[in-house]
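Breakdown of the fold
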Amino acid sequence: SKSLPGDRERIAQLGHRAFVGGDGSYWDEIANLQFDLLIAEGLKPDHVLLDVACGALRAGRKIIAYLEPGNYQGLDKEIDLIILGVALELGIDQFNQKRPEFVVTESFDFSKLSRPPDYALAQSLFTHLTIKDIRKCMDKLRQHVGGQTKFFATFFEADQAVKNFDESDALDCFFYTQAQMHDLAKETGWHMTYMGDWNHPRGQKLLRFDIE
C-alpha cells in the first residue's frame, strides 16, 4: 500500500467530512440521497441495513435514527472515521439509544457481523477500489447475506475500459464500464440491475445486486 501519508493522517489533515468527499452542501445532499433511495426501495424500521464503508456516518446518522435499535450495521477499515462519526455526527445519546453495530476490517470480513442484512449499501466505495478489491467485497458479502438481501452500490461509469490506479485508495477515483460491473456480479453470484442516474452530485451511477 502507499507509504505516505496514511489514511489516518489524511483524515486528521482534511477533517472527516472532506476525507469522505462530502464537505459543504454535499454532506447533507448525499446523505439525503442515500436515505431517500433506501426508503423508496422499501427499507422499513424493522429491517437490518448494512452500510459498507460507512465512514463518518454521513448517511448512517439518518439511517440509524430511522431504524429500530440494533438494526444498523456499519463496516469500515478506518476506526477513526467511525469514532468521529459517532462523536460529531450521530451523537452519544443516539448511539446509546439505537445501539448501531460496527465492524472495523480492511478485508471485508462480514462474518464479524451478528446477522445478515436485509439491505446493503456501498455508496462511493467501488469508486475507490480496484477490480480485485471490488470482487473481494462482493464475493465475501455474497457468502454472508441471505437470499432476500438487496445490495445497492455506486460506481463511476466509463464508456470503455480505462487504465485505473494499481491500488485502491480512498482519495483516488476509479472508473468502470457496465460490462465490467456485470461480469464482477456474475463471477460472485449476484444478478446486477443497472439503475443509472440517481441525481448524485458527482455523477456516480447506481447499481442494484440481488441473489441469483
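In short, a report on the structure. Predicted model only: the values in this text are computed from it and were never measured. (Residues numbered from 1 in each chain as written. Predicted model: local features only at pLDDT ≥ 70, side-chain atom pairs only at ≥ 80, totals over all residues. Heavy atoms only, no water.)

Mapped onto the fold, Asp80 is located in helix α5 (residues 79–90). Among residues more than four places away in sequence, those in contact with Asp80 are Arg8 and Ile11. (Helix = DSSP H or I, 4+ residues; strand = E, 2+ residues; numbered from the N terminus. Contact = heavy atoms within 4.5 Å.)

Under the definition given, this model contains 9 aromatic pairs. Taken together, a centroid distance of 5.5 Å and an interplanar angle of 50° make the contact between Phe151 and Trp190 tilted. Here the residue Phe151 occupies a position in strand β5 (residues 150–157), and Trp190 occupies one in strand β7 (residues 190–197), the gap between them amounting to 39 residues. The structure contains a cluster of three or more aromatic residues connected by ring pairs, namely Phe126, Phe151, Trp190 and Phe209. Between the NZ or CZ atom of Lys62 and the centre of the ring of Phe35, over which it lies, the distance is 5.4 Å. (Phe/Tyr/Trp six-rings, centres within 6.5 Å; stacked < 30°, edge-to-face > 60°. Lys NZ or Arg CZ within 6 Å of the ring centre and 35° of its normal.)

Under the definition given, this model contains 6 salt bridges. In this structure, a network of salt bridges that share partners links the residues Glu41, Arg208 and Asp210. (Salt bridge = Lys/Arg side-chain N within 4 Å of Asp/Glu carboxyl O.)

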